Amino acid sequence: MTNFSLTRRESLRLSAFAALAFGSGLSFAAPAAAETPLVLWYDKPAGNWTGALALGNGRLGAMVFGGTARERIGLNEDTLWSGAPYEPSFEVSAEIRQEIQRLMFAGDYKGAQNLAEKLQGTPNSQSSYQTVGELVLDFPGHDQVKDYRRDLDLNTAIASVTYTVDGVRFTREALSSPVDQVIAIRLTADRNGKISFSATETSPLPVMVKAGNGNEVSMTGMNGDIYARDKKTPVVKGALKFESRVKVVAEGGQVTAEGDKVTVTGADAATVFIAAATSYKTYKDISADPAVRCTQYLDAAKKPWVALRRAHVAEHQRLFGRITFDLGTTEAAKQATDQRLRDFSKQDDPALVALYFQFGRYLLLSSSRPGSQPANLQGIWNDKLMAPWGGKYTVNINTEMNYWPAQVTNLAETEEPLFRMLSEVAEGSGAQVARRTYGARGWVLHHNTDLWRPAAPIDTAFWGQWQTGGAWLANQLYQSYLFSGDKAYLGKLYPILKGSAAFFEDTLVKEPEHGWLVVLPSNSPEHEIQKGLTASYGTTMDNAILRELFDACIASSTVLGQDPGLRARWKQLRDQLPPNQIGQAGQLQEWIKDWDTTAEDIQHRHMSPLYGIYPGNDITPADAKTFAAARKLVEMRASSGMGWANAWRIGIWARLLDSAKAYEFVELMISKWTEGNLFDKPSVQLDGNFGSTAGIAEMLLQSQNGEIHLLPALPAGKWPNGTITGLRARGGCEVDIEWKAGTLARVTLRSKAATTVKVRYGSGVVSVPLKADRPLVLDGELKAVR
Ligand code: FUC
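Everything numeric in this text was worked out from a predicted model, so none of it was measured.

**With respect to the pairing of strand S29 (residues 755-761)**
Thought 1: One ladder, built from 3 bridges, connects strand S25 (residues 708-710) with S29; its direction is parallel. Considered in S29, the bridge of His709 is made with Arg760.
Thought 2: As paired strands, S29 and strand S30 (residues 764-770) are joined by 7 bridges and run antiparallel to one another. Bridge pairing links Val759 to Val766 in S30.
Thought 3: Connecting S29 to the antiparallel partner S30 that follows it, the hairpin turn spans 2 residues, and Gly762 within it adopts a positive phi of roughly 60°.

What follows is the structure, encoded as structure tokens:
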């Protein structure tokens, strides 16, 4: 099914034309911004990392600064992490577990938390994602330039820089190709013989940089060690080799390779190819040869620029182009992107919302593709050796949030690395930790993992002693099945779900007060009950996650016709979990006891107890009392000092069907929590981008309650007219929505298989049969028009 609109076809033709033109050394004046709404553009080079423009093919990341006399391009390869394969678990005695339980039930939470230090992994820190370094291009004489412009076109995933020096117009285009597995840069000028530059690479890791082969520079090195929490003591020695190799192909002029540089003089045009690879094969095997890999990548990419570019653009658009989003364009859209961000609260600029929404999709596609590593805290873009929080997979919210847009915004393929990571955790460390630390079957994952897939609790019990990270991810992947209806996928997922359930079957304990079954010891991620204390049991988030997990197991085993004998047991466990409780302030309780009003940080960033509203579906409008209590809790939480935390609030408010509040957080994200290059702030993590994109989608379409709910939280005053095409709903349906003057005008539904769907708009609900691959159009009153 193709979703390309006319504009997209036109833009495809335009890009193909531009490719030909650039390929032949011609260049164009910079297009006016308003003509190409999916472009981020700036009139100056980036001053720092958060101004640079991100490119990625899932595996290889590039940050393009757009300098003139010196261009720096930050380089990342998604398997360059510190350390080497390791397993952090060890035997913990049943007596320790029983003593923790005794202390908890006796009300000595602090004592229980202290004893839970004995459950933390060895090491109790994890690996850091590490930068490869930078490609450096020096252009002699390009200090004073005129008519400068740099941009990133989300439609083509190409970053361009154009400027004039001494009457010559120079153009550079950069891309990270998912097809050819290289980063490539094309340098052209509007006069022959004007391309002169040198290229080299640098890295903060100990490396050897050497020119050779007539037109290449290779940078070879080793990764760093994993450090203890003090960030000084090495605990796992680095053992991963890596290489990045640059190859320069010029048309005309001269190319020399000497010392640590390749130099091009007087060429008509040139293409710089950058390959990067490590010795990582799997989380257990690091025996690959990065030099061989670089050679293979560079050999395979030996193509004319036009062909490389065309294949790149086509593959990017195949996925990115599935959604179009138009909220209208105002004069504001003519400004440079950084200016629009600064002025967002002061002017009407709905097109910036559409750009920001699409940027989240762009980042996900650029940092997670089949075969790559999952998007980490920074996607794949990191300029440090010790990234903040290690740039890890923090699974008490951040990694999940990265993937919230995957299904609803029609990028299902991006989930493959996440799914693969989860199976690796489940078969490896997750099972080891379950057995050794808890004496249980199945598998468990605590609040972080990394390239080596460790599953033990880490940091300290305060942070790490939370057992439902794996179950949360398993639930999220089960949701993918609800979107696609793909039974083969469910068949592969089922052992992960079942293994997660098995762990809790063996470890849930009965609390004495009500006889409920609880996860113990646990916490409500990072939220302090009192200063220094997070340890608890039976937290609201754990209960909601486990209800969904057992439900998913029952449903999957039914669909797949497996394990009929386990269903009754899962149902029984599910029904004995603590129910959602309403506290004295009328709020949904975060913990098993009503501690919310006295908790350390009432505006805590994590919205863990609201998991049941979003992204989960444990609390629905049908349960009006709990739904109202959830709303009360969000009100108490107000806003947060972290970007991602505000992004989460968009989705929650959308699920609470409050368009004004949801919009308030969209506005807050764009005006306050977004860097010049559209990265989430603080820019050390990109989850806020992903969470915002997903949240905006939730404002326009929801499908968690067995019906396709159109425009459930549309801020009609802010976005009076709009069209979004290609959103996905659970049940295998694709949905295009058009609204005018704040009300639904038209909806188109498509499904690959014949099915009947329920469609809701406001209080109106209709049930419509869909034929396979035959779009059905309904009008604003939900009547079929053809
Ligand atoms: C969680 C959050 C922090 C940060 C870190 C990566 O621990 O509480 O704010 O996002 O993950």
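**Overview of helix H17 (residues 624-637)**
Thought 1: Here H17 spans 20 Å end to end across 14 residues, near enough to the 20 Å set by a 1.5 Å rise per residue.
Thought 2: Of all the positions in H17, only Thr626, Phe627, Ala629, Ala630, Leu633, Val634, Met636 and Arg637 are classed as buried.
Thought 3: Against the buried residues of H17 lie helix H18 (643-655).
Thought 4: Of the residues flanking the end of H17, it is Ala638, one or two places downstream, whose phi is positive at about 45°.

**Comments concerning the sheet that holds strand S26 (residues 722-729)**
Thought 1: Here 5 strands make up an open sheet; going across it, the order is S19-S26-S27-S28-S31 and the pairing antiparallel. With one partner strand each, in any of the chains shown, strand S19 (324-326) and strand S31 (776-779) form the two edges of the open sheet. Averaged over all pairs of adjacent strands, the angle between strand axes in this sheet comes to 20°, irrespective of strand direction.
Thought 2: Strand direction decides the pairing type here: S26 and strand S27 (residues 733-740), joined by 6 bridges, are antiparallel. Bridge pairing in S27 links Arg728 to Glu734.

**Notes on the environment of Val262**
Thought 1: Considering the arrangement of structural elements, one finds Val262 in strand S17 (residues 261-267).
Thought 2: For Val262, a relative accessible area of 0% corresponds to the buried category.
Thought 3: Here the alpha-carbon distance between Val262 and Trp673, two residues 411 residues apart in the chain, equals 40 Å.
Thought 4: Excluding residues within four positions of it along the chain, Val262 makes contact with Phe197, Ser198, Ala199, Asn215, Glu216, Val217, Val248, Val255, Thr256 and Ala257.

**As for the site of the ligand**
Thought 1: All residues adjacent to the ligand are Leu377, Trp389, Thr394, Asn398, Glu526, Arg605, His606, Met642, Trp644 and Gln685.
Thought 2: In the model, an oxygen atom of the ligand is placed 2.6 Å from a nitrogen or oxygen of the His606 side chain.
Thought 3: A distance of 3.0 Å separates an oxygen atom of the ligand from a polar atom in the side chain of Trp644.
Thought 4: Surface burial for the ligand is 95%, taken as the share of its 290 Å² of free accessible area covered by protein chains.
Thought 5: Of the residues assigned to the shell around the ligand, the class counts are 4 nonpolar, 4 polar and 2 charged.

**A closer look at the pattern of salt bridges**
Thought 1: One pass over the full model with this rule turns up 45 salt bridges.
Thought 2: Ionic pairing is found between Arg186 and Glu251, a salt bridge with its closest N-O pair at 2.8 Å. With Arg186 in strand S9 (residues 183-189) and Glu251 in strand S15 (residues 241-251), the pair connects residues that are 65 residues apart, well separated along the chain.
Thought 3: Using a relative accessible area of 35% as the deciding quantity, one classes Glu251 as partly exposed.
Thought 4: Across the salt bridge formed by Asp225 and Lys237, the nearest N and O atoms sit 3.3 Å from each other. Of the two residues, Asp225 is situated in the loop between strand S12 (216-222) and strand S13 (226-227) and Lys237 in the loop between strand S14 (234-236) and S15; the sequence distance between them amounts to 12 residues.
Thought 5: Exposure remark for Asp225: the relative accessible area of 15% places this residue in the buried category.
Thought 6: Through salt bridges that share partners, Glu216, Glu243, Arg245 and Lys247 make up one connected network.

**A few points about the packing of H18 against helix H19 (residues 659-672)**
Thought 1: Closest axis-to-axis distance for the H18/H19 pair is 8 Å, and the angle between their directions is 155°. By the angle between their directions, the pair H18 and H19 is classed as roughly antiparallel. As for the relative orientation of H18 and H19, their crossing is left-handed in sense. Contacts between H18 and H19 involve Gly643, Asn646, Ala647, Arg649, Ile650, Trp653 and Ala654 from the first element and Lys661, Ala662, Phe665, Val666, Leu668 and Met669 from the second.
Thought 2: Split into classes, the residues belonging to the contact of H18 with H19 amount to 9 nonpolar, 2 polar and 2 charged.

**Description of the packing of aromatic side chains**
Thought 1: Inspection of the entire model under this criterion finds 23 aromatic pairs.
Thought 2: Pairing Phe105 with Tyr537 gives two aromatic rings, centres 5.1 Å apart and planes at 85°, and the pair type is edge-to-face. Placement of the pair is Phe105 in helix H2 (residues 94-105) and Tyr537 in the loop between strand S23 (517-518) and helix H15 (540-560), with a sequence separation of 432 residues.
Thought 3: Between Trp472 and Tyr611, the aromatic rings sit 5.4 Å apart at their centres with planes inclined by 85°, giving edge-to-face as the arrangement. You can see Trp472 sitting in helix H13 (residues 469-484) and its partner Tyr611 sitting in the loop between helix H16 (564-575) and H17, a full 139 residues away along the chain.
Thought 4: A residue is classified by how much of its surface remains accessible, and Tyr611, at 2% relative accessible area, is buried.
Thought 5: A cation over a ring is seen here: Arg72 above Phe65, with NZ or CZ 4.2 Å from the ring centre.
Thought 6: If you follow Arg361 out to its NZ or CZ, it ends over the ring of Phe320, 5.1 Å from the centre.

**Re the nonpolar core**
Thought 1: Counting 205 residues, the largest nonpolar core has Phe197, Trp648, Met699, Leu710, Trp719, Trp739 and Leu749 as the members making the most contacts within it.
Thought 2: The next biggest cluster of nonpolar side chains, apart from the first, holds 23 residues, and it includes Tyr109, Trp591, Trp595 and Ala599.

What counts and what doesn't
Residues numbered from 1 in each chain as written. Predicted model: local features only at pLDDT ≥ 70, side-chain atom pairs only at ≥ 80, totals over all residues. Heavy atoms only, no water. Pairing = 2+ DSSP bridges. Helix = DSSP H or I, 4+ residues; strand = E, 2+ residues; numbered from the N terminus. Expected span 1.5 Å × (residues − 1). Buried < 20%, exposed > 50% of the residue type's maximum accessible area, 1.4 Å probe, protein only. Contact = heavy atoms within 4.5 Å. Axes fitted to C-alpha atoms, helices over the stretch in contact; angles between N-to-C directions. Near = heavy atom within 4 Å. Polar contact = N/O pair within 3.5 Å; in protein donor to acceptor, adjacent residues only side chain to side chain. Areas by Shrake-Rupley, 256 points an atom, 1.4 Å probe, with all protein chains shown as cover. Nonpolar A, V, L, I, M, F, W, Y, C, P; charged D, E, K, R; others polar. Salt bridge = Lys/Arg side-chain N within 4 Å of Asp/Glu carboxyl O. Parallel < 35°, antiparallel > 145°, perpendicular 65-115°, else oblique. Left-handed = near helix turned anticlockwise from the far one by under 90°. Phe/Tyr/Trp six-rings, centres within 6.5 Å; stacked < 30°, edge-to-face > 60°. Lys NZ or Arg CZ within 6 Å of the ring centre and 35° of its normal. Core = buried A, V, L, I, M, F, W, Y, C linked by side-chain atoms within 4.5 Å.

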